[in-house]
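# Reading the structure
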Amino acid sequence: MFRLQVLYPHPEDPQHFADHYRNVHLPLAKKLPGVISARFSLDVATANADSPYFATFEADFENEEAMVAAMSSQWGQDVEADVPNYASGGAVVLTYPMESLDSIPA
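Residues numbered from 1 in each chain as written. Predicted model: local features only at pLDDT ≥ 70, side-chain atom pairs only at ≥ 80, totals over all residues. Heavy atoms only, no water.

With that settled, the discussion passes to the sheet that holds strand 2 (residues 37-41). In space, the four strands of this open sheet follow the order 2-3-1-4, with antiparallel pairing throughout. Only two strands of the sheet have a single neighbouring strand rather than two, namely strand 2 and strand 4 (92-97). Sheet twist, expressed as the mean angle between neighbouring strand axes with direction ignored, is 10 degrees. For strand 1 (residues 2-9) and strand 4, the ladder comprises six bridges, and the chain directions are antiparallel. Bridge assignment links L4 to a residue of strand 4, and that residue is T95. The strands touched by helix 1 (residues 14-29) are strand 1, strand 2 and strand 3 (53-61); relative to strand 3, the strand with the most contacts, the crossing angle is about 10 degrees. Along the sheet, helix 2 (residues 64-72) makes contact with strand 1, strand 3 and strand 4, crossing strand 1 at roughly 50 degrees. (Pairing = 2+ DSSP bridges. Helix = DSSP H or I, 4+ residues; strand = E, 2+ residues; numbered from the N terminus. Axes fitted to C-alpha atoms, helices over the stretch in contact; angles between N-to-C directions. Contact = heavy atoms within 4.5 Å.)

Pasting the structure below:
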């Protein structure tokens, strides 16, 4: 499994972010090919302090090649091009292979 995660710092206009994200950006993201599962949150917190992030998104793919193909597709290009339309605080994009705790000896 390979994960694409996006962390969004606090935007200038949280309501605009939320409205655009739900009504425009996420419908585009739903069309990314090869996504096994995807999740998001507009309510990011930390245990003891204010979070440096406002929102997060993550999508799982079978492998890195599938993620690269998805983001290279027209849908992936449309998703990337839309980010400046709502994320005035920018975005941090992380990609990484996932491992299961089942692979760790007890």
